[in-house]
Amino acid sequence: EFEDVCEQTGVTLSRYCIELANRGKIDEDLNSIFNSIREAAKVIAKLVNTAPLQQAELLGLQGEINVQGEDQKKLDVITNDVFKNALRYTGKLGTLASEEEDEPVDGSVGGSEAIPLLSDEFADTGKYICVFDPLDGSSNVDAGIPVGTIFGVFEEPSPAECELPADLSKGLSEEQQRCLAGTLQPGKSLVAAGYVLYSASTELVLTFGQGVVGFTLDTSIGEFVMTRPSIQIPPRGKIYSANTGNIGEWDQPMREYIQTIRAGKGETDTPYSLRYIGSMVGDIHRTLLYGGIFAYPADNKNQDGKLRLLYEGAPMSFIMEQAGGKAITGHSRVLDIPPVGVHQRVPVILGSAEDVEECKKFFDESN
Ligand code: AHG
Ligand code: MN
Ligand code: MN
Ligand code: MN
């Protein structure tokens, strides 16, 4: 039975996706897309794991500023190309959106250069859209601190569902409007999401909306092997994960909540410990397995926080909810937010259901 397949560790990611496709739980196109994600993850793992041995090519700054206003690392650019091209060669994607691309780009086969959305050659071939952060936590990569990749997959909306707000559709052709509308979907429309953690081990965690499954790269056979058939986040933890260097800038409810739980004055009367590595994928993977709460809240400088909704907040919130956790901005559910921009930022507070509920009470009282 399929559940037996899931319970067996030793099943490879390839086999798992084939079993899902055989049972009609995913279609062949999605199987092909995950085949390419798996290959790209192995290539990026190798690049990250060996970067210090090829410092000139792989470490340090690219010398460019990306659309986020960040100094791009060489590996930001290289991993973006690896992921983009792996996806494009499936021929199953209409559009790709990445942290490292100004605009959504053409997802069609053989697109060796980013074909800007706003060009007429845009050929919409596939029926899926992939949004991704090719290298998350890249400021850590020169020091060998864990980094990751985050991805989400949407289905192309039907033309009828493609109404964009007027200010967004201005000057766009029919085709381009469909492409942008397909990209700017709320997290609740995701059909799949996942992340890769490049750390002491290389972990790939994914969801197709039927629970969360974890795989570990077995380098001796070059395959991701199932190691966590069904990940459920503990309902309550005792770790908080946030950059408390900004606590003076946070909105009041967040500041009060953190001060309460770290003093042991919260609902569990236990003082919480701080664990924060500054790589969202690493901090969230630990939260998913150990329980507790991760937050990149709004602050006085950034009312929408720092994390990007489309390819960081939404995929991670989908995974968290699928694992029995919760994900809010403070006031609303992250998955309900319709993006109005590819790189729109959103405050993110996610983790164990009881911890997130406790935090939300501080926001509700502040209303
Ligand atoms: P990225 O490297 O993809 O730009 O993302 C970095 C993010 C995220 O990984 C992490 O949680 C956060 O930046 C850390 O920000 P601070 O250094 O401000 O805490
Ligand atoms: Mn970045
Ligand atoms: Mn990131
Ligand atoms: Mn990144």
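Under an unreviewed UniProt entry, the name given to the protein is fructose-bisphosphatase, and the source organism is Cladocopium goreaui.

A. Representation of the overall build of the protein within the structure. Scanning the protein from N- to C-terminus turns up 11 helices and 15 strands. In summary, the protein has a C-alpha radius of gyration of 20 Å against a globular reference of 21 Å for 367 residues, a match within 12%. Reported as C-alpha extents along the three principal axes, the dimensions of the protein are approximately 60 × 50 × 45 Å. A buried classification covers 57% of the 367 residues belonging to the protein. Taking contacts inside the protein between residues at least 6 apart in sequence as the whole, the part at least 24 apart equals 66%. Of the roughly 14,600 Å² of accessible surface on the protein, a fraction of 48% belongs to carbon and sulfur atoms. For the protein, the centre of its 31 positive side-chain charges and the centre of its 55 negative side-chain charges are spaced 5 Å apart.

B. Structural view of the packing of helix 9 (residues 280–290) against helix 10 (residues 309–322). Viewed as axis vectors pointing N to C, helix 9 and helix 10 meet at an angle of 15°, and their least axial separation amounts to 12 Å. Judged by the inter-axis angle, helix 9 sits roughly parallel to helix 10. Here helix 9 and helix 10 pass one another in a crossing that is right-handed. Between helix 9 and helix 10, the contacting residues are Met280, Val281, Ile284, Thr287 and Leu288 on the first element and Glu312, Gly313, Met316, Ile319 and Met320 on the second. The residue makeup of the contact of helix 9 with helix 10, split by class, is seven nonpolar, two polar and one charged.

C. Quick peek at the nonpolar core. Counting 49 residues, the largest nonpolar core has Tyr16, Phe34, Phe83, Leu87, Cys130, Phe208 and Phe215 as its most contacted members. Sorting elements by how many residues they give to this core places helix 3 (residues 28–50) first, with 10 residues. Setting aside anything within four residues of it in sequence, one finds cysteine 130 in contact with Phe83, Leu87, Leu93, Thr95, Leu96, Ala97, Phe151, Gly152 and Val153. Counting 44 residues, the second-largest nonpolar core is a separate cluster that includes Leu164, Leu172, Val281 and Phe294.

Cut-offs and rules
- Residues numbered from 1 in each chain as written.
- Chains lettered and ligands numbered in written order.
- Predicted model: local features only at pLDDT ≥ 70, side-chain atom pairs only at ≥ 80, totals over all residues.
- Heavy atoms only, no water.
- Helix = DSSP H or I, 4+ residues; strand = E, 2+ residues; numbered from the N terminus.
- Rg over C-alpha atoms; globule rule 2.2 N^0.38 Å.
- Buried < 20%, exposed > 50% of the residue type's maximum accessible area, 1.4 Å probe, protein only.
- Contact = heavy atoms within 4.5 Å.
- Areas by Shrake-Rupley, 256 points an atom, 1.4 Å probe, with all protein chains shown as cover.
- Lys, Arg positive; Asp, Glu negative; His and termini not counted.
- Charge placed at Lys NZ, Arg CZ, Asp CG, Glu CD.
- Axes fitted to C-alpha atoms, helices over the stretch in contact; angles between N-to-C directions.
- Parallel < 35°, antiparallel > 145°, perpendicular 65-115°, else oblique.
- Left-handed = near helix turned anticlockwise from the far one by under 90°.
- Nonpolar A, V, L, I, M, F, W, Y, C, P; charged D, E, K, R; others polar.
- Core = buried A, V, L, I, M, F, W, Y, C linked by side-chain atoms within 4.5 Å.

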